[in-house]
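Summary of the model geometry
Below, each chain spelled out in residue letters.
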Amino acid sequence: MNRLLLVVVAVIVIIVIAGLAYYFATSQAPTKEYLVVGTSPDFPPFEYIDEEGNVVGFDIDLIRLLAQKAGYKDIKIVTMDFDSLIPALTQGKIDVIASGMTITEERKKVVDFTDPYWEADQAILVREDSGFMPKSIDDLNGKTVGVQTGTTGADYVKSYAEEHGLNINVKEYSSFVLAVQDLVNGRIDAVVVDSPVAKMFEQKYPVTIATIIKTGEQYGFAVRKGETELLQALNKALHEVKNSPEWNKLIEKYFGSAG
Ligand code: GLN
């Protein structure tokens, strides 16, 4: 009799444990607590370092919102140079890139992008007091131009110069902030950078936008190829946020009312 009771109890215990295991395995999607976000914080107002040394910005707030909506507890931020982001993603060091990254055909071969969340062009930035006012890329002939390695701006200047036989000395920097500092110090003649970021640099440094080159770029968040579940969850959350008052609040916070 005692033995039978023991067997019955054992069977019940096993069923309960199996049930709980099944419940936790299936109910807790996503299975990870934190979404690991890679960013290059030299691209204000999308990602930059504030006075207290924190990584902040439009992209950071937005991806945090999306992650939380997708069921993550929070995000973990990993910073690196812009051109290290895609390798870090494909090697599994980060789960998503949030770094004002333009959706390009080239990049789409290696990563998957969410739907676009922002639009930008390229701007030619010059020193306020230099008297040099290029109206187009052609006017950069014979000049030294700073870009950030691995960006669409860098590609644009280099391929344009090559195609049009221009003699532009392209100086590559690991970050746009360093390029702008060299511009301010007079070491280079211009910087080619995304237009919304150029506007922020105009406010922070004695530099001015000489001209805007229409490139019609769109920013997206990037995930590893084949991470369909994460991609869909982020896209769903992105649409929710865009259709909620949170979207305008974010724009207001990082771009001011001019947006
Ligand atoms: N949007 C540009 C690109 O994708 C620049 C991004 C950046 O420097 N963070 O190349």
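Some remarks on a nonpolar patch on the surface
A surface patch of nonpolar side chains, about 350 Å² in accessible area, is lined by Leu4, Val8, Ile12 and Val16. Within the element layout of this structure, Ile12 appears in helix H1 (residues 2–27). The exposure class assigned to Ile12 is partly exposed, which follows from its relative accessible area of 48%.

Thoughts on the environment of Leu4
The residue Leu4 is located in helix H1 in this model. Given a relative accessible area of 54%, Leu4 falls into the exposed group. As a C-alpha pair, Leu4 and Tyr254 span 250 residues in sequence and 69 Å in three-dimensional space.

Examining the sheet that holds strand E9 (residues 169–173)
Spatial ordering of the open sheet is given by E9-E8-E10-E7-E11, a layout of 5 strands whose pairing is mixed. With one partner strand each, in any of the chains shown, E9 and strand E11 (207–219) form the two edges of the open sheet. Between one strand axis and the next, the sheet turns through 25° on average, direction left out of account. Taken strand by strand, helix H7 (residues 195–204) contacts strand E7 (118–127), strand E10 (190–194) and E11, and its axis lies near 45° from that of E7.

Considerations on the pattern of salt bridges
By the definition in use, this model includes 16 salt bridges. Between Asp61 and Lys253 there is a salt bridge, with the nearest N and O atoms lying 2.7 Å from each other. Note that Asp61 is positioned in helix H2 (residues 58–69) and Lys253 in helix H9 (residues 245–255), a separation of 192 residues in sequence. With relative accessibility at 17%, the residue Asp61 sits in the buried group. In this structure, Glu105 engages Lys108 in a salt bridge whose closest nitrogen and oxygen atoms are separated by 3.3 Å. Here Lys108 and Glu105 lie together in helix H4 (residues 105–108), a separation of 3 residues that amounts to about one turn. A relative accessible area of 36% means that Lys108 is categorised as partly exposed. Through salt bridges with shared partners, a single network forms among Lys69, Lys236, Glu240 and Glu246.

A word on the packing of H2 against helix H8 (residues 228–242)
Closest axis-to-axis distance for the H2/H8 pair is 9 Å, and the angle between their directions is 115°. One way to sum up the angle between H2 and H8 is to call them roughly perpendicular. The element H2 and its partner H8 pack so that their crossing is right-handed. Between H2 and H8, the contacting residues are Leu62, Ile63, Leu65, Leu66 and Lys69 on the first element and Leu234, Ala237, Leu238, Glu240 and Val241 on the second. For the contact of H2 with H8, the per-class residue count stands at 8 nonpolar, no polar and 2 charged.

Things to note about the environment of Val37
Relative to the helices and strands, Val37 is located in strand E1 (residues 34–39). In contact with Val37, other than residues within four places in its own chain, are Ile63, Ile75, Lys76, Ile77, Val78, Ile94, Val96 and Ala98.

Describing the nonpolar core
The biggest cluster of nonpolar side chains holds 51 residues, and the ones touching the most others in it are Leu35, Phe58, Leu62, Ile63 and Leu125. Considering every element that reaches this core, the biggest residue donor is H2, with 7 residues. Those residues within four positions of Leu62 in sequence are excluded, and the remaining contacts are Tyr117, Phe221, Leu238, Val241, Trp247 and Leu250. Membership of the second largest hydrophobic core comes to 17 residues, among which are Ile124, Ile137, Ala154 and Ile168.

What counts and what doesn't
Along every chain, residues carry numbers that run from 1 in the direction the sequence is written. Given that the model is predicted, a residue must reach a pLDDT of at least 70 before its local features are reported, and side-chain atom pairs must reach 80 or more before they are shown or counted; all residues, however, enter totals for whole chains, interfaces and linings. Excluded from the side-chain calculation are hydrogens and water; included are all heavy atoms of the structure. Patch rule: a residue counts if its relative accessible area is over 30% and it has no salt bridge; like charges are joined within 9 Å, and nonpolar side chains (Val, Leu, Ile, Met, Phe, Trp, Tyr) within 5 Å. Computed with a 1.4 Å probe, the accessible areas rest on the Shrake-Rupley method; for each residue, only the protein chains presented here act as cover. For salt bridges, the criterion is a side-chain nitrogen of Lys or Arg within 4 Å of an Asp or Glu carboxyl oxygen. Where helices and strands are cited, they refer to DSSP runs of H or I of at least four residues and of E of at least two residues respectively, numbered from the N terminus. Exposure categories follow from relative accessible area, calculated using a 1.4 Å probe and restricted to protein chains: below 20% of the type maximum is buried, above 50% is exposed, and the middle band is partly exposed. At least two bridges found by DSSP between two strands is the condition for calling them paired. Convention adopted: a line fitted to C-alpha atoms gives each axis, helices being fitted over their contacting stretch, and angles between N-to-C directions are expressed from 0 to 180 degrees. Two residues qualify as a contact provided that any one of their heavy atoms is within 4.5 Å of a heavy atom in the partner residue. Any angle from 65 to 115 degrees is called roughly perpendicular, while one under 35 is roughly parallel, one over 145 is roughly antiparallel, and all others are oblique. We call a crossing left-handed when the near helix sits turned anticlockwise from the far one by less than a right angle, and right-handed when that turn is clockwise. Nonpolar residues are Ala, Val, Leu, Ile, Met, Phe, Trp, Tyr, Cys and Pro. Charged residues are Asp, Glu, Lys and Arg, and all others, Gly as well, are polar. Side-chain atoms within 4.5 Å are what join buried Ala, Val, Leu, Ile, Met, Phe, Trp, Tyr and Cys residues into a set we call a nonpolar core.

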